[in-house]
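# Breakdown of the fold
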Amino acid sequence: MNPQAKLIFTTSLILGTTITISSNHWILAWTGLEINTLAILPLISKSHHPRAVEAATKYFLVQAAASALVLFSSMTNAWHTGQWDITQLTHPTSCLILTSAIAIKLGLVPFHFWFPEVLQGSPLTTGLLLSTAMKFPPITLLFMTSQSLNSTLLTTMAIMSTALGGWMGLNQTQTRKILAFSSISHLGWMAIIITYSPKLALLNFYLYTLMTAAVFLTMNSMKVLKLSTLMTSWTKSPALSTTLLLTLLSLAGLPPLTGFLPKWLIIQELTKQEMPLMATMISLLSLLSLFFYLRLAYCSTITLPPHTTNHMKRWHVHKPVNTQIAILTTLSIMLLPISPIILTIM
């Protein structure tokens with residue numbers, strides 16, 4: 001892609017996100033979401049492969065529908081209350097429509113069908129943007145309207161997302177689809193807590209972004225798109241494969257890694273809110289995602305050649321150390337001991 005075009009699209013992404021997260025008026029927030037959608041489309045379809053074009057089309061249609069619903073909910077609220085302020089969303093019907101619209105934008109179950117398909121048709125770097133940066137504006141809208149959202153609806157969607165995200169990721173062989181279902185599962189954890197402790201949901205999102213960025217960049221560096229390629233990665237880059245193993249276990253939420261912190265705090269908060277049944281259910285359902293993270297970890301480090309995959313060996317290339325991956329992986333693994341400092345900042 002032309003560097004000037006890439007610069008324009010990246011700048012538009014930053015601009016769209018900034019407009020949405022800093023606005024108080026619904027129309028401004030909607031404008032930011034639209035700029036974001038239009039800026040990411042060329043990045044999805046830049047390879048001109050039919051699959052990429054299909055992914056871009058699906059993404060456009062889904063996001064346009066969700067944006068229309070956001071506009072409709074804000075107009076309904078303005079019609080009944082005379083308020084265009086994001087924090088003043090008080091009309092029950094508007095709240096329900098907005099929750100559905102944001103669920104479509106994020107890819108929460110039952111509006112999740114587009115997300116794995118779009119991620120599968122995108123390059124890994126664009127997939128990283130779709131899984132992290134593109135989720136930030138809708139999450140901030142949920143954060144700003146959290147006091148007026150329907151907690152029963154969000155809890156139901158959250159449990160379904162964690163369950164389906166885990167189940168549907170079990171039999172996948174494509175790494176991008178596995179990461180898409182992992183994202184859906186993590187969104188379930190954020191959705192269940194957003195009405196009770198919005199700051200905790202944001203903390204979960206930040207830590208999820210850290211860990212997912214580390215995994216995507218590692219896989220991009222190793223040129224891994226499916227599990228059979230991952231099986232030959234140990235011989236090429238043993239150090240990177242080892243750190244990938246630890247990052248995946250952190251993403252699964254195992255102690256003493258960073259990913260355990262948000263899960264621990266969310267379970268604690270749900271117990272305080274007298275929802276022990278939901279806390280137990282979401283904890284047990286996260287075991288499903290743990291299985292496919294372990295499968296990825298097994299393929300990246302424990303499967304050594306000779307083995308039966310019919311994958312062609314690649315040339316060894318001595319690459320310099322990637323600083324971004326090093327920093328992100330370190331943060332993805334080692335933040336748990338400083339959790340008291342993180343909690344005081346919150």
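Residues numbered from 1 in each chain as written. Predicted model: local features only at pLDDT ≥ 70, side-chain atom pairs only at ≥ 80, totals over all residues. Heavy atoms only, no water.

The chain goes by NADH-ubiquinone oxidoreductase chain 2 in an unreviewed UniProt entry, where it is assigned to Sitta carolinensis. Under the Sequence similarities (unreviewed entry) heading, UniProt states for the chain: "Belongs to the complex I subunit 2 family." In its Function (unreviewed entry) section, UniProt records this for the chain: "Core subunit of the mitochondrial membrane respiratory chain NADH dehydrogenase (Complex I) which catalyzes electron transfer from NADH through the respiratory chain, using ubiquinone as an electron acceptor. Essential for the catalytic activity and assembly of complex I." (UniProt positions renumbered as here; feature names shortened; annotations may be inferred.)

## Re the nonpolar core
One recurring pattern in soluble globular proteins: nonpolar side chains tend to sit buried together. With 102 residues, the main nonpolar core has Tyr59 and Leu130 as its most contacted residues. With 16 residues, helix H10 (residues 198–222) is the largest single contributor of residues to this core. Residues contacting Leu130, with those up to four places away along its chain left out, are Ile40, Ile44, Tyr59, Phe115, Val118, Leu119, Ser122 and Lys135. (Core = buried A, V, L, I, M, F, W, Y, C linked by side-chain atoms within 4.5 Å. Buried < 20%, exposed > 50% of the residue type's maximum accessible area, 1.4 Å probe, protein only. Helix = DSSP H or I, 4+ residues; strand = E, 2+ residues; numbered from the N terminus. Contact = heavy atoms within 4.5 Å.)

## Some points on the packing of helix H13 (residues 238–252) against helix H15 (residues 276–302)
Here H13 crosses H15 at 175 degrees, and the two axes come no closer than 9 Å. The orientation of H13 with respect to H15, classified from their angle, is roughly antiparallel. Taken together, the residues of H15 that come into contact with H13 (itself represented by Ser241, Thr242, Leu244, Leu245, Leu248, Leu249, Leu251 and Ala252) are Leu290, Tyr293, Leu294, Leu296, Ala297, Ser300 and Thr301. Classifying every residue of the contact of H13 with H15 by side-chain character gives 11 nonpolar, four polar and no charged. (Axes fitted to C-alpha atoms, helices over the stretch in contact; angles between N-to-C directions. Parallel < 35°, antiparallel > 145°, perpendicular 65-115°, else oblique. Nonpolar A, V, L, I, M, F, W, Y, C, P; charged D, E, K, R; others polar.)

## Re the packing of helix H3 (residues 50–81) against helix H5 (residues 114–121)
It is at 8 Å that the axes of H3 and H5 come closest, and there the two elements cross at 145 degrees. Like other packed secondary-structure pairs, H3 and H5 cross with a definite hand, here left-handed. From H3, Arg51, Ala52, Ala55, Lys58, Tyr59, Val62 and Gln63 reach across to H5, where they touch Trp114, Glu117, Val118, Gln120 and Gly121. Considered class by class, the residues forming the contact of H3 with H5 number six nonpolar, three polar and three charged. (Left-handed = near helix turned anticlockwise from the far one by under 90°.)

## What to know about the layout of surface pockets
Reported here for the second largest pocket is a volume of approximately 280 Å³. Contributing to the lining of the second largest pocket are 15 residues, with Thr10, Leu13, Ile14, Leu129 and Ala133 lying nearest its centre. Of all the secondary structure elements, the ones that give two or more residues to the lining of the second largest pocket are helix H1 (3–22), helix H6 (124–131) and H10. Here the lining of the second largest pocket is composed, by residue class, of seven nonpolar, six polar and two charged. (1 Å grid on protein atoms, 1.4 Å probe; cavity = no way out; pocket = protein on both sides within 12 Å on 5 of 7 lines; lining within 4 Å. Points joined across faces, edges and corners; volume = space filled by probe spheres on them.)

## Remarks on the domain arrangement of the chain
The domain boundaries assigned to the chain delineate domain 1 (1–138) and domain 2 (150–345). Computed from C-alpha atoms alone, the centre-to-centre distance between domain 1 and domain 2 is 23 Å. Facing 26 residues of domain 1, the contacting portion of domain 2 comprises 32 residues. Each partner contributes to the roughly 2400 Å² buried at the junction of domain 1 and domain 2, and carbon and sulfur atoms together form 77% of this total. If you sort the residues of domain 1 by the area they bury against domain 2, Val109, Gln120 and Leu124 come out on top, with a joint share of 28%. Taken together, domain 1 and domain 2 are joined by one salt bridge. Glu117 is the partner of Lys177 in a salt bridge, and the nearest nitrogen-oxygen pair spans 3.5 Å. Where domain 1 meets domain 2, there are six residue pairs in polar contact (both at pLDDT 80 or more). Put simply, the parts of the chain that give the side of domain 1 that touches domain 2 at least two residues each are helix H4 (92–106), H5 and H6. (Domains from an automatic or database assignment. Buried area = accessible area lost by both parts, 1.4 Å probe. Salt bridge = Lys/Arg side-chain N within 4 Å of Asp/Glu carboxyl O. Polar contact = N/O pair within 3.5 Å; in protein donor to acceptor, adjacent residues only side chain to side chain.)

## Focus: the UniProt feature "domain: NADH:quinone oxidoreductase/Mrp antiporter transmembrane" (unreviewed entry) in the chain
When the UniProt feature table is mapped to this numbering, "domain: NADH:quinone oxidoreductase/Mrp antiporter transmembrane" (unreviewed entry) covers residues 23–288. In the segment residues 23–288, helix accounts for 76% and strand for 0%; the C-alpha atoms at its two ends are 38 Å apart.

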